[in-house]
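Observations on the three-dimensional arrangement
The primary structure of each chain is shown beneath.
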Amino acid sequence: ESLSLAASSSESSNPEPSPLPKPKRVLMPADAQFAVGSVVFVPDEQQAYLPKRVASCTGLGARTKLTVGPLSGSGGAAVPAKDVADVVEADPLALEGAQDMVKFSNLTEAALLHNLRTRYSRDQIYSAAGAILLSVNPFKQIPGIYTDEVTRRCQEADAKALPDLPPHVYGLSENAYRGMLGEQKQQAILISGESGAGKTEAAKACVKYICARSTGGGGVGGGAKLLRQGSHEEFVQNCIVEANPILEAFGNAKTLRNNNSSRFGKWTEIHFDAGGQIRSARSTSYLLERSRVVEHARGERTFHIFYTLCAGATKQQRDALKLPPAGELRYLGQSASLSVPGIDDAADWRAVCAAFSTFQLTDAEQTSLRRVLAGILTLGNLAFDAKEMANADDGSCVSPASQASLKAAAAVLDISPLELETALTIKNVGKFPVVAVPQPPEKAAVARDALAKALYGSLFDWIFGRINEKMGAGAGAALGGGNKRTIGLLDIFGFEAFSRNSLEQLLINFANEKLMQYFNIYIFQMEEKECRDEGVACPQLQFADNSAVMVLLEAKPTGLMALIHDEVLVPNASDANLLTKMNEAHRGASMYRQMPRAQGEGFVVLHFAGEVAYAIDDFVAKSRGAVPSELSQLLGTSQLPLVRGFFAADEEGGGGGGGGKPKGERTMSFARHRGGGGARARLGGGGRKVVSVGRQFQESLDSLMGMLHTCSPHFVRCIKPNHHLAPDDFDGAYVMRQLQQMGMVHVVKARKQGFAHRYDFDTFIARYGYLREGVECDAAKLAPYLQTYLGSASPPAGTKTETVQLLGALAAADMFATDGWAVGTTKLFLKASHQQQLEVARESHLRRVITQTLTKAIADQDLASLDEAVARAVEIRLTGKLVEEAKALLATLREREKAFEALTEAMEMRDVAAVEAALKQAAAVRLEKDAKKGAQKVSDAKALLTQLKAQQVASNALAAALASKDVKKLRDALDAAQKSGLNSGQVTQAQRMLEGLKTKDALEKKLAAAAKGGSLAELTQLLAQAEEIGLSTEAARAAKRRHASLQESAQASSALQSASTARDEEALRAAIERASAAEQNQAAAEREKAAMSAELATAKELLAKLEAEHSTVLATPPRGGAAAARGLPTPSGPVSYVPGPPAGLPCEPLAARVARLQRGATFLKVAEGTFTRKKLDAKAVALSADRKSLTWDGGKKGHGLELSQVVRVSIGLETKPLQKLYHSSAAPDVAPTSWFSLHTAARSYDFGARDGDTAETVILWVLTLQQLVLLSSGTGVRLPATALSYAQQQWQYHNSSAKEWPCVQCTCINKPRNTACEVCGAPKPMVTLVPTVTPLLPAMRALSNTLGIDAFNLSPDARLQWFLLKALEPPPPSPLVWSVGHRQGDGETPLLGLANADGTGFSVDHAYILSLRREAETARQQQAQAGGGLTPRPPL
């Protein structure tokens, strides 16, 4: 973080000064606590402990009187009585500044502190506690600490020398690298410490070393020269290094504690091949502090990138972005720290732009990125004034002074300024109907800040995804899903405690508690448990156990994280309610207490690092992290692809190019949360619940911890020497607090006493068993070891016995320690010194063996064996001409393998260009020299290429022959196709044309005969054959005229039938007009004219009847009998009705719904009747302008459907392709009831809604398409509109307790086991609705009142819900529309009736409604006779 890493060196290049004067060895007097002349550590208020020499000491225990003086010189002072008990004897190694504190004989906090102080004064910032590295931030550049020489020494050190090197982050990284190669186990480097302790810079040093190490080069500066210029490995390494400037700019900020504080956590995985070279990398982010975009404490800054943009952008760029000076931007100007000493914002901007180029961001993408950043800053300058509203509470508008900022923000985000102002100041509430609620200025400001945070969070996600896309490109089969050659590095935010702390600090500190828990488990608890389970003696280890605070934070259901998550989901959630629940649940808990009222409303948690007070304000809002739906929808229409991709529904589940998220690793900064108002807003599409920010973070942390438990960890504990970030200033008290929080004394004791390494016996023998070769040891010398460790001088055979025999033989030969190791039930326990001895012996043996293996592998030229041999050579750092030859050959064999795979793939594609390119690649690596398989593959590919070129020539000849329709040319082209082996549709077409040309006269006679008949199907088939051979004689033209006449007659007849069935006056008039024209057609036969005349007469009679009913009913007041049938009071005189608000989609005019379909929507589409995975795709589907067809893929040929072909519409999994899909493992993330299907006579077309409000989308399309199909003209049979009612009948008939159910009060989708709605508390209804039809609830309720059906209470009529849907599905009689009203004086009972299009003439006693009442009574009787359940009748 603020640690400045410069060039470098190790401790040996900084020779230590002469050690401090050592005290003379004195005997301890029997009557005194300390000997005169000895050195002790004495408590000090400023420095915690200081070394002093004992001048005099008398007495023991509480009676001790002690005088101490400086280490050199004279003088002295009495130690206060209260401090005498804390005085401890100094360890000599601590006075000298030892490299490894495990070696202390007198281990105390004071000794650790002074050891760090001594080394820090020499610029030796690294110290060791066994395998744990401590790093003290110097806050300055230290010459000679990170040089290539240090890198080289770490690389070349053998197993014996490496632990003896001075402590260094490079040495720890080398251990991880060797563990990754040697153990074939994932490694993890965990860097922790408080903000400003140097975590980020330590992480960067680790990454630089690992990149240099993987090249086999001499250091971070020169290693890359061993990589091939422009190679994949070089590109990936450059990406790993260049990611840092970008991520620091976008994810770091100045805080009061640190000028370069990470405001997000990052886990980076680096993947290697068997030879130890980097193949790919991947990063995951955790909890970006989005709130910092819009607010931060005085003296702090928001994210660096905003300041670098303002300082580094050119004048031309600033003008294009309409960006004012940084001091005039509210999001920046609210801080007093526009600039920071030591940070050059303009230079950092140049570094970020250079890194963008490394990651191949195009100029257009970089321009879009700058526009998003400028848009966020300009949004911050929007201020709002109160605005009086005539029919609502006062609202707000953008102030006149902010109009320029409004236009600038809208311009760079490419949206309408008027729509932006509306979306910020108006909130849409409810769904049926939607009510626009003006927002006061303070709420408009909240919406503005929410939009700014969402934009930045989405941009951060997009950048992270782009980085991962490039770092992971080309990983291929080198990795695989179970790759163990991985080093992970965790750089996560340090513990935070400010004067005011909020949800962000709670989550950050929760993460630190989790890491502390993992550290405790790994260092202490696992040590004790494993020793105990194995029967090995282990001393009782003390440590700072934080299990109590972890229970407080994450226990369910009353832990703080669970309470926060649950509060987000309930109606009327508030910070006050949340705090009350916390206080009630944890009153009296040891780790929790209420915040004193003088400090405000909140709570206090006693963390392992100290107590932190959290202000409860905004906890609920921050936990939701939602963007108002109005803003989300508006930004989804932006003309800037990058912004549109952030908010528009992803068609493919991931974007690319200029907008949306790129393909690659998806990250977890929790920036993308869409939402809106109402109960359904708390649920995702299809009833999926929105998860709070805290719950997402908790789940991601659990996933991280689960992964860490499978790794071998390496710990770096970073320490901040002072709180004011000054160099050469070691604040002892400040450092002591951090050591105590880390529990470092207990850690060092555990490392000193415990066993650092353990192996199961099989693994141990597999790794070290060959060391027994050449070691002579008779049974007499082995017997004591067998007796001591196995309890018998003649134990049974097995790997356990072999293990003790091996160690006994090595010990007898003075090659291994005779004691200090332990044998458990299933494992061997070793200390670090034992492991070192074994590794030294193993390396010596492997050097001989691997040299032989390399020689054989080179001779055999076998990729697998050579790969393994090189990996083992790299593991033991074997160098020389033989190794270089093996590496070069390995690279060649890999390139040949790639060329072989490319040839195989190209041959499968059978594409000329692909085969040619693959052969060129094969020639470049001389694949033909590979006698095993390469030579044959090249030969086969060349033969195939010759054949493909011949087929290409034959195909061109076929195309020319088909165009010419010449018999000779067709014969010649078919002969050439046969010789080349071409067998395509083109060949079949040519064969048919040739046959057709041969039978041209016969076809002409058939056409003439068919034209005299009345078979439309026969004429269609014959005309298709004539078209294929280009027949254009008079007989063909006459047949076409006859075909058109027959088709028009059939369509006119179908239109009459459909309009009559729907009883639609307007459609019936149009159908009669069309049929009359068909009747007069001269090409029609007399029998057809007669049939049409009869149909016309019937239709005209029905039209006259409908017109009479319409005029009569609208002029007649409601009858009392009808009112009584509805259960309403029978009026004594005329009853007046008052129009009410619309009741959703049924009341929306057909033209308006058609317009929505013409704008289109995105659906998952099953493209064929027979389902295959490749045919399930996201499509943009729209209704054509003429209302006659659906199109997708831009209306390309074969990508559409004429509505005249549709005979029926259905919802749910009714078709076989969908049923097969949902019985497979590839079922999509779409609710089964969110599918609808259009059925033709031949097949079905299936569409699934998965974005936005899926229920409303499905109902809109099904309701509208059914009505358009009924009104369309076509040759097929039209079935009644029953998609919704039939689905509800099935839902009711196949009742199951395993179904989710919608609440009929608030429409929330509830779990099957719920007996009451989890949102509004309404009881589960007796009969539940299909979840998809909830948008129709208002209309269904109003219609149930009109028809007198008690469908939504505990009544037998509840089983008639399907009938209400059946009544709403067809269009009402034209020109009437459905409308909602209520009786004068009774505004609580909505009624669904018919009215004119302008809303006049509302009636609930139209003949159409009266017929529905009669049908409802019939259905009620049938329902009763069936015992409450009717078997649904399938439409076909």
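Everything in this summary refers to the structure shown in the same document. In this convention, every chain numbers its residues from 1, walking through the sequence in written order. Residue-level local features of this predicted model are given only where pLDDT is at least 70; pairs of side-chain atoms are given and counted only at 80 or more, and the full residue set underlies all totals for whole chains, interfaces and linings. With hydrogens and water excluded, all non-hydrogen atoms of the structure serve as input to the side-chain values.

Some words on the overall build of the chain
- The number of helices and strands found in the chain is 48 helices and 36 strands.
- The rule is simple: take the accessible area with a 1.4 Å probe, protein chains only, and divide by the maximum for that residue type; under 20% is buried, over 50% is exposed, in between is partly exposed. Classification of the 1436 residues of the chain by burial places 53% in the buried group.
- Taking the intrachain contacts of the chain between residues at least 6 apart in sequence as the baseline, contacts between residues at least 24 apart amount to 67%. Note on conventions: DSSP H or I runs of at least 4 residues are helices, E runs of at least 2 residues are strands, and numbering of each starts at the N terminus. Pairs of residues are marked as contacts when any of their non-hydrogen atoms sit within 4.5 Å.

Here's the deal with unusual backbone geometry
- The amide bond that connects Lys556 to the next residue, Pro557, takes the cis arrangement and shows omega of 10°.
- Position of Pro557 relative to the elements: it lies in the loop between helix 17 (547-554) and helix 18 (560-569).
- Despite not being glycine, Asp618 shows a phi value in the positive range, around 70°.
- By the element assignment, Asp618 lies in the loop between strand 20 (610-615) and helix 20 (619-624).
- Phi angles above zero are rare outside glycine, and Lys965 is one such case at about 55°.

Observations regarding the sheet that holds strand 22 (residues 757-760)
- Strand pairing follows a simple DSSP-based rule, namely that at least 2 bridges must link the two strands. The 3 strands are arranged 22-24-23 in an open sheet whose pairing can be described as antiparallel. The open sheet has two edge strands with one neighbour each: strand 22 and strand 23 (822-823).
- Against the sheet, helix 26 (residues 761-768) touches strand 22, strand 23 and strand 24 (827-830), its axis set at about 100° to strand 22. Helix axes are fitted to C-alpha atoms over the stretch in contact, other axes to C-alpha atoms as well, and angles between N-to-C directions run from 0 to 180 degrees.

A closer look at the environment of Leu93
- Tracing the sequence through the fold places Leu93 in helix 2 (residues 92-96).
- If we ignore the near neighbours within four places in the chain, the residues touching Leu93 are Ala98, Lys103, Phe104 and Asn115.

Concerning the pattern of salt bridges
- The salt bridge criterion pairs a side-chain nitrogen of Lys or Arg with a carboxyl oxygen of Asp or Glu, the two atoms within 4 Å. Scanning the model with the defined rule gives 46 salt bridges in all.
- Two residues, Glu201 and Lys204, come together in a salt bridge whose shortest N-O distance is 3.0 Å. Of this pair, Glu201 and Lys204 both sit in helix 6 (residues 199-215), 3 residues apart, roughly one helical turn.
- The exposure class of Lys204 is buried, given its relative accessible area of 16%.
- Residue Glu496 pairs with Arg263 through a salt bridge whose shortest N-O separation is 2.6 Å. With Glu496 in the loop between strand 17 (486-491) and helix 16 (503-534) and Arg263 in the loop between strand 10 (261-262) and strand 11 (265-272), the pair connects residues that are 233 residues apart, well separated along the chain. Accessibility classification places Glu496 together with Arg263 in one group, the buried group.

Thoughts on the packing of aromatic side chains
- For Phe, Tyr and Trp, rings pair up if their centres lie within 6.5 Å, where Trp contributes its six-membered ring, and each pair is then called stacked (planes under 30 degrees apart), edge-to-face (over 60) or tilted (otherwise). The final tally for this structure, using the stated rule, is 32 aromatic pairs.
- Judged by centre distance (4.8 Å) and plane angle (90°), the rings of Phe519 and Phe715 are edge-to-face. With Phe519 in helix 16 and Phe715 in strand 21 (residues 712-719), this residue pair connects regions lying 196 residues apart in the sequence.
- The exposure class assigned to Phe519 is buried, which follows from its relative accessible area of 1%.

Regarding helix 3 (residues 109-121)
- How far a helix is expected to stretch is found by multiplying one less than its residue total by 1.5 Å. Its 13 residues place the ends of helix 3 18 Å apart at the C-alpha level, agreeing with the 18 Å of an ideal helix rising 1.5 Å per residue.
- For helix 3, every residue scored as buried is listed here: Ala110, Ala111, Leu112, Leu113, His114, Asn115, Leu116, Arg117, Thr118, Arg119 and Tyr120.

Quick word on the packing of helix 3 against helix 24 (residues 732-742)
- Contact geometry of helix 3 with helix 24 gives a least axis separation of 10 Å together with a crossing angle of 125°. In this view, helix 3 runs oblique relative to helix 24, as classed from their interaxial angle. Like other packed secondary-structure pairs, helix 3 and helix 24 cross with a definite hand, here right-handed. Seen from helix 3, the contacting residues are Glu109, Ala110, Leu113, Leu116 and Arg117; seen from helix 24, they are Gly732, Val735, Met736, Leu739 and Gln740.
- Among the residues forming the contact of helix 3 with helix 24, the class breakdown is 6 nonpolar, 2 polar and 2 charged. In these notes the angle categories are as follows: under 35 degrees is roughly parallel, over 145 is roughly antiparallel, 65 to 115 is roughly perpendicular, and the rest is oblique. By the definition used in this description, the sense in which the near helix is turned from the far one sets the handedness, with an anticlockwise turn below a right angle giving left-handed and a clockwise turn giving right-handed. When residues are grouped by polarity, Ala, Val, Leu, Ile, Met, Phe, Trp, Tyr, Cys and Pro land in nonpolar, Asp, Glu, Lys and Arg in charged, and all others, Gly among them, in polar.

Observations regarding the environment of Ser339
- Summarising the element assignment, Ser339 is placed in the loop between helix 10 (330-333) and helix 11 (345-358).
- Considering only alpha carbons, one finds Ser339 and Tyr307, 32 residues apart in sequence, at a separation of 8.0 Å.

Brief notes about the sheet that holds strand 7 (residues 132-136)
- In spatial order, the strands read 6-7-21-8-17-11-12; together these 7 strands make up an open sheet with mixed pairing. Looking at strand neighbours, the two that pair on one side only are strand 6 (126-129) and strand 12 (278-286), the edges of this open sheet. Geometrically, the sheet is characterised by an average inter-axis angle of 20° between neighbouring strands, direction not taken into account.
- Here strand 11 runs beside strand 12; their pairing, made up of 8 bridges, is antiparallel. Residue Ile270 lies in a different strand from strand 12, and its bridge partner there is Ala281.
- Lying over the sheet, helix 5 (residues 169-182) contacts strand 6, strand 7, strand 8 (187-192), strand 11, strand 17 and strand 21, oriented at roughly 155° with respect to strand 8.
- Helix 7 (residues 232-251) contacts strand 11 and strand 12 of the sheet and is inclined by roughly 20° relative to strand 12.

Let's talk about the pairing of strand 12
- Among the 9 residues that make up strand 12, 8 are buried, leaving the element largely enclosed by the rest of the structure.
- Taken together, strand 11 and the strand that follows it, strand 12, pair antiparallel across an intervening segment of 5 residues, in which Gly276 is found at a positive phi of about 85°.

Digging into the state of the cysteines
- Here, the term disulfide refers to a pair of cysteine sulfur atoms separated by no more than 2.5 Å. Summed over the entire model, instances satisfying the criterion amount to 0 disulfides.
- Here Cys718 is not cross-linked by a disulfide; its sulfur's nearest cysteine counterpart is in Cys206, at 8.9 Å.
- The buried category is assigned to Cys718, whose relative accessible area is 0%.
- Cys1306 forms no disulfide, and the closest cysteine sulfur to it belongs to Cys1317, at a distance of 3.6 Å.

Quick notes on the pairing of strand 17
- By the criterion of burial, strand 17 is predominantly enclosed, with 6 of the 6 residues buried.
- The two faces of strand 17 match: Thr486, Gly488 and Leu490 on one face and Ile487, Leu489 and Asp491 on the other face are all buried.
- Bridge count for strand 8 against strand 17 is 5 bridges, and the pairing is parallel. By the bridge assignment, Ala188 is partnered in strand 17 with Gly488.

Observations concerning the packing of helix 33 (residues 934-964) against helix 35 (residues 985-998)
- Two numbers describe how helix 33 lies on helix 35: the axes approach to 10 Å, and their chain directions differ by 35°. Two packed elements cross with a definite hand, and for helix 33 against helix 35 that hand is left-handed. Each of Ser955, Leu958, Ala959 and Leu962 in helix 33 lies in contact with helix 35, whose residues at this interface are Gln986, Val987, Gln989, Ala990 and Met993.
- For the contact of helix 33 with helix 35, a count of residues per class yields 6 nonpolar, 3 polar and no charged.

Observations regarding the side chain of Arg717
- Locating Arg717 in the fold gives a position in strand 21.
- Glu513 is the oppositely charged side chain nearest to the buried, salt-bridge-free Arg717, at an N-O distance of 10 Å.
- Pairs of N or O atoms within 3.5 Å make up the polar contacts considered here, provided that, within protein, one atom can donate a hydrogen while the other can accept it, and that residues adjacent in sequence are counted only when both atoms are side-chain atoms. Within the local environment of Arg717, its side chain forms a polar contact with the side chain of Ser192, the two groups lying 3.0 Å apart.
- Not counting residues within four places of it along the chain, the set of residues in contact with Arg717 comprises Ile132, Leu133, Leu134, Ser135, Ser192, Met516, Phe519, Met742 and Met744. Neither His nor the chain ends is counted toward charge; the positive residues are Lys and Arg and the negative residues Asp and Glu.

Looking at helix 23 (residues 693-708)
- With 16 residues, helix 23 should reach 22 Å at 1.5 Å per residue; the first-to-last C-alpha distance of 22 Å fits that figure.
- Burial runs high along helix 23: 12 of the 16 residues are buried.
- Burial in helix 23 covers these residues: Val693, Gly694, Arg695, Gln696, Phe697, Gln698, Ser700, Leu701, Leu704, Met705, Met707 and Leu708.

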